[in-house]
Amino acid sequence: MGGIRIDIDGAIPAAADETARDKAYRIAFNTISGMSIGEDGFVREDELVELAGVSRTPVREALQRLQAEGMVRLVPRKGAYVSAITPYEVQDLLECRSLFERFSADAVIRESPAETIKRLRALLDEQYRGYREGAPQARLIELDQIWHAVLVSASRNKLIAEMHQSLKNREVRLMLTVLSGTGRGRWEQAIDEHRRIVEALEAGEPDAAREAIDFHCRQTGRAALGDRLNFTSGM
């Protein structure tokens, strides 16, 4: 597994009632998402068995699930191949997220669902509190994912919500790459960018909300790619 940076306290935290299947998936997911977006390579089944301390069956099931989710490609007798994510793919990912979230922000403002804004604000407060109190990275990632999911679910468009959810695994790997280069300081910036989005929604200002969403995506992309980013959403 040469070159892969393993972070067992990565994107998915351990549950108190974790089954062997859940543990195998968590270890495999955290191992793969802990790779820089510029890395590629194989993750071998026997190494995951050793890391997870479970039998081969749940590890094989975990890898099959990750293949279905687009994170790996299973290669007979070699293992699970993890491809690098190119700058173009990062741009595509962030532009898709921006499009979905801009559409959802319009829906929030148009339909004025106070409950959605209240929940986004509560999650924002929890993000600030977690950051200040030094919450584990896994918890901060979880809160970030929930925050974005709540925003998109407000669109009341099931297909958009499903497509947004399908981006989650790639986003986690991108997020971990960003954090490995910027440290926890990026969390403070990202949470403040969430605040700008919530304030625009509360004010009922769609243009400001769209601008804040695009800014958040651009900042994430720049943290990962630097000058190679060519973000075009909203143009």
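As a reminder, the structure under discussion sits directly above these lines.
All values derive from a computational prediction rather than experimental measurement. (Residues numbered from 1 in each chain as written. Predicted model: local features only at pLDDT ≥ 70, side-chain atom pairs only at ≥ 80, totals over all residues. Heavy atoms only, no water.)

### A word on the sheet that holds strand β2 (residues 73–75)
Strand order in this open sheet of three strands is β1-β3-β2, and the pairing throughout is antiparallel. Since the sheet does not close on itself, it has two edges, and those belong to β1 (41–43) and β2, each with one partner. Across the sheet, the axes of successive neighbouring strands diverge by a mean angle of 40 degrees, strand direction being ignored. (Pairing = 2+ DSSP bridges. Helix = DSSP H or I, 4+ residues; strand = E, 2+ residues; numbered from the N terminus. Axes fitted to C-alpha atoms, helices over the stretch in contact; angles between N-to-C directions.)

### Section: the packing of helix α6 (residues 137–153) against helix α9 (residues 185–203)
Taken N-terminus to C-terminus, the directions of α6 and α9 make an angle of 20 degrees; their axes are 12 Å apart at the nearest point. In terms of orientation, α6 lies roughly parallel with respect to α9. Seen from above, α6 lies across α9 with left-handed handedness. Note on element contacts: α9 touches α6 through Trp187, His194, Ile197, Val198 and Leu201, opposite Gln137, Leu140, Ile141, Asp144, Trp147, His148 and Leu151. Split into classes, the residues belonging to the contact of α6 with α9 amount to eight nonpolar, three polar and one charged. (Parallel < 35°, antiparallel > 145°, perpendicular 65-115°, else oblique. Left-handed = near helix turned anticlockwise from the far one by under 90°. Contact = heavy atoms within 4.5 Å. Nonpolar A, V, L, I, M, F, W, Y, C, P; charged D, E, K, R; others polar.)

### A short note on the pairing of strand β3 (residues 79–82)
In terms of strand pairing, β1 meets β3 through three bridges, oriented antiparallel. Its bridge partner being in β3, valine 43 is matched across the sheet by alanine 80. In terms of strand pairing, β2 meets β3 through three bridges, oriented antiparallel. Residue pairing across strands places leucine 74 opposite alanine 80, the latter belonging to β3. Linking two consecutive strands that pair antiparallel, namely β2 and β3, is a turn of three residues; a positive phi of about 65 degrees is found at arginine 77 within it.

### Focus: empty space enclosed by the protein
Per the stated rule, a full pass over the model turns up one cavity of 30 Å³ or more. As for the largest cavity, its lining consists of 13 residues, of which Asp144, Met175, Arg186, Ala190 and Thr220 are closest to the centre. Going through the elements one at a time, α6, α8 (168–182), α9 and α10 (206–225) are the ones with two or more residues in the lining of the largest cavity. (1 Å grid on protein atoms, 1.4 Å probe; cavity = no way out; pocket = protein on both sides within 12 Å on 5 of 7 lines; lining within 4 Å. Points joined across faces, edges and corners; volume = space filled by probe spheres on them.)

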